[in-house]
Amino acid sequence: MNYAVVRELKRLRALERGGVDKQPAECTIALIYPSPYYVGMSSMGFQLVYGLLNTLPGVRCERGFFIPWSQTYTLESLRPLRSFDCVGFSLSCEQDYFNVVEILRRAGIPLASRERDERHPLILGGGVCAWLNPEPLADIFDLFVLGEAEAVSAKLFERIMAGGKGGRVRLLRALAEIPGVYVPRLYEPRYGGEGQLLAVEGIESGIPAPERQWVGELDGWPALAPIVTPETDFGDRAIVELMRGCGRQCRFCVADYAYRAPRLRSRNAIMDAASRALSLGSGVALLGPSLTDHPDLEEVGDEIVRSGGRISVSSVRAGQVSERLLAILARGGLRSLTIAPETPSERLQRRLNKEIHARDLMRVAEGAAAVGLRDLKLYYLIGIEGETETEMEAIAQSVRAVSSLIHVRVSVGPLIPKARTPLQWAGMQGEGELRRKYRLLKKSIDKIPMARMSNQSIREAMTEATLARGDRTLVHHLALGRLPRAVVERYALRARGGEELFPWEHIGIGVNRKYLWAEYQKYIRGEMTSPCAPGKCDACGVCALPGGR
Ligand code: SF4
């Protein structure tokens with residue numbers, strides 16, 4: 001192994017606090033985040049799964065990351081991936097798919113699932129991309145975990161460890177019987193003469209329909225990420241999960257549709273996790289997709305800060321940020337607050353189903369400046385249906401107004417239509433138009449003394465959009481390491497017809513197509529939908545299912 005890699009992995013390990021130290025076990029899994037260490041260790045899901053797998057009897061889980069200049073070795077024992085029984089990839093970003101291919105290649109593991117046998121590790125995929133749309137990776141992975149690891153892992157690893165006669169094909173057939181396990185090679189897509197998808201069906205009778213699984217109550221499962229390291233977005237703060245799902249129904253947002261129904265952790269469970277973080281001598285990063293919807297956020301934050309802990313939060317909703325919350329965050333050492341207004345245009349806000357009022361944004365900016373925060377980070381989207389140059393000027397005006405009160409860091413990205421959201425039918429705006437809008441914005445925002453703008457790469461956004469709604473034919477391009485223009489046009493830019501069957505629809509995640517289509521029509525018309533009301537609603541279909549499958 002390259003000495004520079006050993007030195008770097010040992011350096012990263014030495015910076016870590018907490019963690020799990022498990023002795024040799026019956027089944028070993030290398031859990032890989034297919035991006036560099038910093039990105040992977042900032043992922044709450046990756047950390048929680050690492051902790052969870054190490055609680056399973058007989059299972060030892062180690063971590064690995066994409067190393068741009070080397071093959072991947074695990075952090076804990078510096079072993080190559082081929083020496084593990086299983087290699088599990090955490091898939092939360094489509095752009096990482098190229099790194100998945102590269103990691104397997106460098107490890108000397110055949111890329112195609114069908115070319116591997118008992119001499120090779122089982123290749124598992126989990127994370128939100130696994131149940132949004134795993135199809136571009138279907139020929140590579142032996143299986144995907146659909147949904148929350150807490151609901152599937154124990155049965156999955158029990159069955160893997162039980163092994164049995166008949167080799168890998170028999171084992172995969174048996175694993176496919178576990179709810180939440182999807183073995184793609186047991187399903188086959190059928191295409192029509194013009195390349196249109198007609199169906200994805202089991203290769204023989206009796207193959208179960210794959211369905212996402214989730215836990216009903218979060219409180220029975222750890223809320224605290226097991227490792228603290230300064231090499232993350234959160235510095236010396238331990239990650240604590242407050243909630244899953246959102247329920248605000250923003251039409252572009254996978255954090256809402258992919259994690260339904262919305263669930264909150266109790267104040268006691270959060271404080272228990274926070275106390276353990278404080279006992280490690282670290283601060284606390286409170287994370288969740290719609291944090292300010294948690295009724296105990298202020299109380300929890302206050303208690304942590306009164307115990308001497310530093311605190312940070314993920315993005316907050318402007319209309320729900322009180323003066324008290326700002327004061328608590330400032331006392332807890334927060335320097336920068338993140339808000340995603342997406343667009344200042346009320347007309348476009350109705351399309352997205354996300355209303356952030358200008359007066360709320362100004363109130364938060366004023367309050368943030370008053371308690372001594374350094375800046376606000378504001379996220380905006382471009383490429384929304386019906387958007388014009390007027391909206392670009394409105395973004396600049398909004399930034400100008402906020403920056404009269406506090407420094408602003410503006411981050412702009414294109415709207416990327418994702419599978420499983422109402423926008424799964426929408427075409428993404430073309431590259432030329434998006435670039436023109438970036439230029440307009442940059443020209444205006446660069447003139448504002450207290451603001452600076454960054455933007456997501458359009459190429460990367462196009463790659464993400466293509467893979468997010470791709471099918472199995474894309475594996476060929478993944479293996480070659482690039483997506484041709486015609487492929488981007490077909491999968492990212494093309495609006496889908498109402499009748500078109502999607503490559504991911506044989507996998508059930510609970511939210512029904514009719515509901516998503518109705519929401520898409522409201523996007524076109526610019527009509528709002530109320531937030532989720534679990535227990536009082538069966539609109540999308542999730543809450544009618546047995547809770548926490
Ligand atoms: S059924 Fe209603 S409350 Fe439940 S997740 Fe769907 S929209 Fe939200």
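## Quick notes on the overall build of the protein
Looking only at helices and strands, the protein features 19 helices and 19 strands. Relative to a compact globule of 549 residues, whose C-alpha radius of gyration would be 24 Å, the protein shows 23 Å and is just as compact. When its C-alpha atoms are laid out on the principal axes, the protein stretches across 70 × 60 × 50 Å. Put simply, the protein has 549 residues, and 49% of those count as buried. Long-range pairs, those at least 24 residues apart, make up 75% of the contacts in the protein between residues at least 6 apart in sequence.

## Considering the site of the ligand
The environment of the ligand is made up of Gly247, Arg260, Ala261, Cys532, Ala533, Pro534, Cys537, Asp538, Ala539, Cys540, Val542 and Cys543. Counted by class, the shell around the ligand contains nine nonpolar, one polar and two charged residues.

## As for the packing of helix α14 (residues 389-403) against helix α15 (residues 431-445)
Direction vectors running N to C along α14 and α15 enclose 30°, while the axes themselves pass 9 Å from each other. One element, α14, and the other, α15, form an angle in the roughly parallel class. Every pair of crossing elements has a handedness; the one defined by α14 and α15 is right-handed. From α14, Glu389, Met392, Glu393, Ile395, Ala396 and Val399 reach across to α15, where they touch Lys437, Leu440, Leu441, Ser444 and Ile445.

## Re the nonpolar core
Among the nonpolar cores identified, the biggest contains 164 residues, and Val181 and Val240 are the most heavily contacted of them. Looking at which domains feed residues into this core, each of domain 1 (3-202) and domain 2 (227-456 + 511-522) gives three or more. Discounting residues that sit within four places of it in the chain, valine 181 has contacts with Leu143, Val145, Val152, Leu156, Leu175 and Ala176.

## Some thoughts on the domain arrangement of the protein
Splitting the protein by domain gives domain 1 (3-202) and domain 2 (227-456 + 511-522). Placing the centre of domain 1 and that of domain 2 at their C-alpha centroids yields a distance of 30 Å. Contacts between the two partners involve 17 residues from domain 1, matched on the other side by 18 residues from domain 2. Listed by contribution, the elements that provide at least two residues to the side of domain 1 that touches domain 2 are β1 (17-18), α2 (37-41), α3 (44-53) and α5 (128-132).

## Thoughts on helix α9 (residues 267-279)
Between its first and last C-alpha atoms α9 spans 18 Å; for 13 residues at 1.5 Å apiece the expected length is 18 Å, and the two agree. All of the buried residues in α9 are Ala269, Ile270, Met271, Ala273, Ala274 and Ala277. Where α9 is buried, its residues meet β11 (237-241), β14 (283-287) and α10 (297-306). Positive backbone phi, approximately 80°, marks glycine 281, located one or two places after α9.

## Section: the sheet that holds strand β16 (residues 336-342)
Pairing is parallel across the open sheet formed by four strands, whose spatial order is β16-β17-β18-β19. The strands lining the two open edges of the sheet, one partner per strand, are β16 and β19 (451-455). For this sheet the average axis-to-axis angle between neighbouring strands, irrespective of direction, equals 20°. Two elements, β16 and strand β17 (residues 375-382), share five bridges in a ladder whose sense is parallel. Across the sheet, threonine 338 pairs through a bridge with lysine 377, a residue of β17. Here helix α13 (residues 358-370) sits on the sheet in contact with β16 and β17, set at roughly 170° to β16.

## Digging into unusual backbone geometry
The peptide bond linking arginine 260 to alanine 261 adopts the cis configuration, its omega dihedral lying at -5°. When you line up the elements, alanine 261 lands in the loop between α8 (254-257) and β13 (263-264). Here leucine 78, not a glycine, exhibits a phi torsion of approximately 55°, which is positive. Relative to the elements of secondary structure, leucine 78 occurs in the loop between β3 (59-65) and β4 (86-90). Its 14 C-beta neighbours within 10 Å are what place leucine 78 among the partly exposed residues. At asparagine 353, a residue that is not glycine, the phi angle is positive and equals roughly 65°. Note on placement: asparagine 353 falls in the loop between α12 (346-352) and α13. Classification of asparagine 353 by C-beta neighbours within 10 Å gives buried; the count is 23.

What counts and what doesn't
- Residues numbered from 1 in each chain as written.
- Predicted model: local features only at pLDDT ≥ 70, side-chain atom pairs only at ≥ 80, totals over all residues.
- Helix = DSSP H or I, 4+ residues; strand = E, 2+ residues; numbered from the N terminus.
- Rg over C-alpha atoms; globule rule 2.2 N^0.38 Å.
- Buried ≥ 20, exposed ≤ 12 C-beta atoms within 10 Å, placed from the backbone.
- Contact = placed C-beta atoms within 7 Å.
- Near = placed C-beta within 6 Å.
- Nonpolar A, V, L, I, M, F, W, Y, C, P; charged D, E, K, R; others polar.
- Axes fitted to C-alpha atoms, helices over the stretch in contact; angles between N-to-C directions.
- Parallel < 35°, antiparallel > 145°, perpendicular 65-115°, else oblique.
- Left-handed = near helix turned anticlockwise from the far one by under 90°.
- Core = buried A, V, L, I, M, F, W, Y, C linked by C-beta atoms within 7 Å.
- Domains from an automatic or database assignment.
- Expected span 1.5 Å × (residues − 1).
- Pairing = 2+ DSSP bridges.

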